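Examination of the molecular architecture
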Amino acid sequence: QKEVEQNSGPLSVPEGAIASLNCTYSDRGSQSFFWYRQYSGKSPELIMFIYSNGDKEDGRFTAQLNKASQYVSLLIRDSQPSDSATYLCAVNNRRKIQGAQKLVFGQGTRLTINP
Amino acid sequence: GAVVSQHPSWVICKSGTSVKIECRSLDFQATTMFWYRQFPKQSLMLMATSNEGSKATYEQGVEKDKFLINHASLTLSTLTVTSAHPEDSSFYICSARAPSVGELFFGEGSRLTVL
């Protein structure tokens, strides 16, 4: 079982609709969760992070965390063509290395917003 | 937000040569930096954790003698791909952990092509 799993997609959503991206993780002791957006040929950029169960909203983005079910999701409201990218879920592994915890990434979900 | 700069963005080299990639944290001190590799249409795979003033910690399966990491200061880590071969062609991305909890910022990435 992969540590962090995402549906690779592609996920197609019409412009203006809500895009829903899901991620599950295997380590029940994981502490923090991150969503990154990666455009083709570019490095990832942080969109949101969440530590506590429930929802966290930032503009058009909402991250949802359910530790009991071990899943984290990202909702994108009013989707725009510019949101078309690969979205990477990352989980903070509780194993510490020299005081810094590693992030484990899922394979990413390719999202396409259709005008 | 925190800025991490990577250089060079692109490098093409002949098989058997060595290539050095630099990663700098521009507006914060990073005691720990991470080096990732990403093959086309795959997720980021952590190669090693770079620790300022001490040896890097390599992930299983990553040859430490081939991928030399030096973290000589709090703002600079370098990755040297020694005796590069075509199978080393990939997108190499560094990241640094900002002084807040768990947030990881990425450099722009370095695309290596070995002929």
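Just so it is clear, the model here is predicted, and its values are computed rather than measured.

1. A few points about unusual backbone geometry
Look at the link from A:Gly9 to A:Pro10: it is a cis peptide, with omega at 10°. Mapped onto the secondary structure, A:Pro10 falls in the loop between β1 (4-6) and β2 (11-14). A cis geometry characterises the amide bond from B:His7 onward to B:Pro8, with omega recorded as 0°. Structurally, B:Pro8 is set in the loop between β1 (4-7) and β2 (10-13). Positive phi values are uncommon outside glycine, yet A:Asp78 reaches one of about 45°. In this structure, B:Ser83 is a non-glycine residue whose phi angle is positive, near 45°. Along the polypeptide, B:Ser83 turns up in the loop between β8 (76-81) and β9 (90-97). For B:Ser83, a relative accessible area of 34% gives the class partly exposed.

2. A few points about the layout of surface pockets
The volume enclosed by the largest pocket comes to roughly 580 Å³. Surrounding the largest pocket, 24 residues form its lining, A:Ser40, A:Thr86, B:Pro40, B:Lys41 and B:Gln42 being those nearest its centre. Contributions of two or more residues to the lining of the largest pocket are made by β9 (85-97) and β11 (109-114) of chain A. Among the elements that take part in the lining of the largest pocket, β11(A) stands out by supplying four residues, more than any other. Across the lining of the largest pocket, the residue classes break down as seven nonpolar, 13 polar and four charged. In this model, the second largest pocket occupies a volume close to 450 Å³. Taken together, 22 residues form the lining of the second largest pocket, with A:Val104, A:Phe105, B:Leu44, B:Met45 and B:Leu46 sitting closest to its centre. For the lining of the second largest pocket, the secondary structure elements donating two or more residues are β9 and β10 (100-105) of chain A together with β4 (32-38) and β5 (45-51) of chain B. Looking at the lining of the second largest pocket element by element, the count peaks at four residues for β10(A). Residue classes in the lining of the second largest pocket are distributed as ten nonpolar, six polar and six charged.

Cut-offs used in this document
- Residues numbered from 1 in each chain as written.
- Chains lettered and ligands numbered in written order.
- Predicted model: local features only at pLDDT ≥ 70, side-chain atom pairs only at ≥ 80, totals over all residues.
- Heavy atoms only, no water.
- Helix = DSSP H or I, 4+ residues; strand = E, 2+ residues; numbered from the N terminus.
- Buried < 20%, exposed > 50% of the residue type's maximum accessible area, 1.4 Å probe, protein only.
- 1 Å grid on protein atoms, 1.4 Å probe; cavity = no way out; pocket = protein on both sides within 12 Å on 5 of 7 lines; lining within 4 Å.
- Points joined across faces, edges and corners; volume = space filled by probe spheres on them.
- Nonpolar A, V, L, I, M, F, W, Y, C, P; charged D, E, K, R; others polar.

Without other data, these values stay purely geometric and don't point to any function.
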